[in-house]
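A look at the structure
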Amino acid sequence: TPGETMIHGLPTCDDVRYLVDGLVTLGFDLEWQDSAQGLVRVRGGIPQGNADKEARRVYCGNAGTALRFLTSVAALVPGNWVIDGDHHMRTRPIAPLIDAWQSLGLDLEARGGCPPVTLQGGLRKGGQVTLDAALSSQFLSSLLLVAPHLSDGLTIEVATQPTSAGYVRLTREVLARFGHRIEQGESLIRVNHEVGSSPARYEIEGCWSSAGFFLVLAELTGSQFDGLNLRDDSFQSDRALANKIALMRQEGDIEIDVADTPDQLMNLAILAAKRPGRTRFVGAANLRIKECNRLLVTCRELRRAGISCQEHEDGIEVGDVESSPKNILFDPEDDHRLAMAFTAIGLMRPDCWMKTPSCVSKSFPTFFDEIAKLSTKRCPLVIIGMRAAGKTTLAQELSQRLSLPHWDSDRVFVEQHGPISDFVAKSGWHEFRRLETSICRKLMKQDGIISLGGGALEDPLLADLISKSAVVVWIDEDVEIIRERLAQNQADRPPLISSSSTEELETVLQARRPTFEQLQDLRIAPNLSLGEQVNEVMDFLKDQYSWPAAGNQ
C-alpha cells in the first residue's frame, strides 16, 4: 500500500525476522530502525521484482506464518521464486493455499503439498476461489492480505470453518486500517481492488499466544498476571484462554473444546494435571501439523513426567499424576510452544532439564530471561493487624532474616507529611486515610516486606490489591496486650478511641477482624514471642512458597 509507515512494537523473534527478511528478498522497501524497540520503517508499493531467469530463494526456517504469507506476497511480485523452509517446514501442508492460487491462474507448485513452493510471480487479475481453511486460518489471511492488489479484487468461498477464526477477524481489522473494504457473508468474503493508504504509525498489540504460559502459571501458583500491552478487545483467538482456565476450576471429569485456541492446549494440559478429575481436550487435530506433532509429543512428555495422558482423534486426555520420576529431560522437538509449556513443570520441581531450549527464539527470544526475573522477584510480604500488634517489630526481624528491604507505611507517611498526630489535627482522618492509601499502593510495587498501619485496609480497593498481589501475615494479638502498648505510647499517633475503654478497642478490632481474616495467608496467634512469630513465618514461607532460608536470596 502506498505511503510510509513506522511500525512500533514489532517482536524481534525468529518468525518476524524471517518475514521481514523475506519481504526484503522480494524487493520491498523496509528496514529495522531499532530492533530493541521493535521499530520498522516500511515504504509501501509492489517492487519491480526479480528479472533473473534463475529462481531466487526466500528462506523461512520453521516459520509457518511467514512462509504462508510470503507465498501470496510473492504471487504479486514479478520473477521466479522459491519459498522454502527447514526440514520441519517441508513436512507442513500448504496444499489448500496452492490450490487456491492455481485456480486463479498462477504458475506455482508444491510437490507433495508441502514446501518448497516454486512460483512465477506477477499475477494481477484476481477473481473467485474456494478455500479449505480447516488446517489453518493463515491460508485465508494470506489471501486476504494481498487481495486488494488484484485488479478484479478477490472473492473467497470458505469451504470449511477455519481454526482459530479470530485471527481472520484480526486480518480484516488490519486491512481496514489500511483503507481496504471487506464484505463478508455466511461463507463468502469479498475484498475489492483499492489502492488504500498507509497510516504514518502502526502499533503492534501484545501477543495473547505468548501470554498463555504466564496466565496458566499464575493459575498454578495462585498469582496474578497483567499484560500491559494486551488488548481486552483483541480479535486474537488466544484471548479466550482465560475462559478455558475458568472452566477448569470445576471438579470432576470435564471436556474442553480448544478449536478456537489450539496452540494453548499444551499450557492447559499442564494445568489439567493439577486439577481433580480427568480433562479431555477436543478440537485440536491440526496440532499434528504444527512445528511438530504436538499431540503426540505432549502426551509423550507428560507421561515422562509421570502424568497420565492419552492421545485421541482430535486431542488428548489428561489424568492424574501417577508417579514421580526423577531427573526428567524434556524433549520439545524444537517446538517453542512445547518448550514454554514444559517449563511450568520445571518451575515446580528442581530436577528437570530441557533439550534445545533455544527453540523459544521462534516467538519469544527473552522467555527464559523473563522466567529468571520471576524467580528472583517475589510478591511483597505484607504484615497486617491492629495498631501496636507488633507489625513493625516482626517486619524488621524478617527483613534481617530474609535479606529483604522493609517499608513501614506510617514511617513513610511521617517522612513525607510530618507527624501523624499533627497532620490529623490539622487535616482530619479522611485526608490522612487518602494519603495513606496512596503510599500503600506505591509500596505494593516493591519487592520486600511492608508493615501497614492498622486502619489502612479500610479502603476496599487497597484490600483487594493486597489480596491479589501479596503474601499476607496477620498478627492477631491479644487485645489486652494491644491496650497496654497503646497506653505506653500515645504521642506518635492520635487515638481513634478512648485509650481507657477496653470495650471501644474491642469494637474497632471486631469491625476490622473480618477484613483481616479474609486477607490473611498466615495468622499469628496471640501471646507468641517475637522468636516464635519469626519461626512461624519462616516455616510458612518455606513450605507454601519455597522461599529460601536467611541469607540465601
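Up top is the structure these notes are about.
This section reports on the structure supplied with the text.

Considering the packing of aromatic side chains
Scanning all chains against the criterion turns up 14 aromatic pairs. One aromatic cluster is present, formed by Phe213, Phe214, Phe225, Phe364, Phe367 and Phe368 through successive ring pairs. The ring of tryptophan 32 is capped by arginine 17, whose NZ or CZ atom sits 5.0 Å from the centre of that ring.

Points about the side chain of aspartate 331
Its location among the elements puts aspartate 331 in the loop between strand 17 (328-330) and helix 10 (336-348). Of the buried charged residues, aspartate 331 lacks a salt bridge, with lysine 355 as the closest side chain of opposite charge at 4.0 Å. Sequence-distant contacts of aspartate 331, that is, excluding residues within four places in its chain, are made with Val297, Arg300, Glu301 and Lys355.

Here we look at the nonpolar core
Ranked by size, the top nonpolar core spans 54 residues in total, and within it Ile83, Trp101, Leu143 and Ile156 carry the most contacts. When residues in this core are grouped by element, the largest group, 7 residues, is from helix 2 (residues 64-76). Not counting the four nearest positions on each side in its chain, isoleucine 156 is found in contact with Val129, Leu131, Leu140, Leu143, Leu144, Ser187, Leu188 and Ile189.

Description of helix 5 (residues 166-177)
Here helix 5 is 12 residues long and its end C-alpha atoms lie 17 Å apart, about the 16 Å a rise of 1.5 Å per residue gives. Along helix 5, the residues classified as buried are Gly166, Val168, Leu170, Thr171 and Leu175. Residues of helix 5 that are buried in the fold lie against helix 4 (138-146) and strand 10 (182-184). One or two steps after helix 5, the chain reaches glycine 179, where phi turns positive at roughly 80°.

Things to note about the packing of helix 8 (residues 265-272) against helix 10
The interhelical angle for the contact between helix 8 and helix 10, taken along N-to-C directions, is 20°, at an axis separation of 8 Å. Relative to helix 10, the element helix 8 is oriented roughly parallel. As for the relative orientation of helix 8 and helix 10, their crossing is right-handed in sense. Where helix 8 abuts helix 10, its residues Met266, Asn267 and Ile270 lie against Arg337, Leu338, Ala341, Phe342, Ala344, Ile345 and Met348. Each residue belonging to the contact of helix 8 with helix 10 can be placed in one class, and the counts come to 8 nonpolar, 1 polar and 1 charged.

Scoring rules and cut-offs
Residues numbered from 1 in each chain as written. Predicted model: local features only at pLDDT ≥ 70, side-chain atom pairs only at ≥ 80, totals over all residues. Heavy atoms only, no water. Phe/Tyr/Trp six-rings, centres within 6.5 Å; stacked < 30°, edge-to-face > 60°. Lys NZ or Arg CZ within 6 Å of the ring centre and 35° of its normal. Helix = DSSP H or I, 4+ residues; strand = E, 2+ residues; numbered from the N terminus. Buried < 20%, exposed > 50% of the residue type's maximum accessible area, 1.4 Å probe, protein only. Lys, Arg positive; Asp, Glu negative; His and termini not counted. Salt bridge = Lys/Arg side-chain N within 4 Å of Asp/Glu carboxyl O. Contact = heavy atoms within 4.5 Å. Core = buried A, V, L, I, M, F, W, Y, C linked by side-chain atoms within 4.5 Å. Expected span 1.5 Å × (residues − 1). Axes fitted to C-alpha atoms, helices over the stretch in contact; angles between N-to-C directions. Parallel < 35°, antiparallel > 145°, perpendicular 65-115°, else oblique. Left-handed = near helix turned anticlockwise from the far one by under 90°. Nonpolar A, V, L, I, M, F, W, Y, C, P; charged D, E, K, R; others polar.

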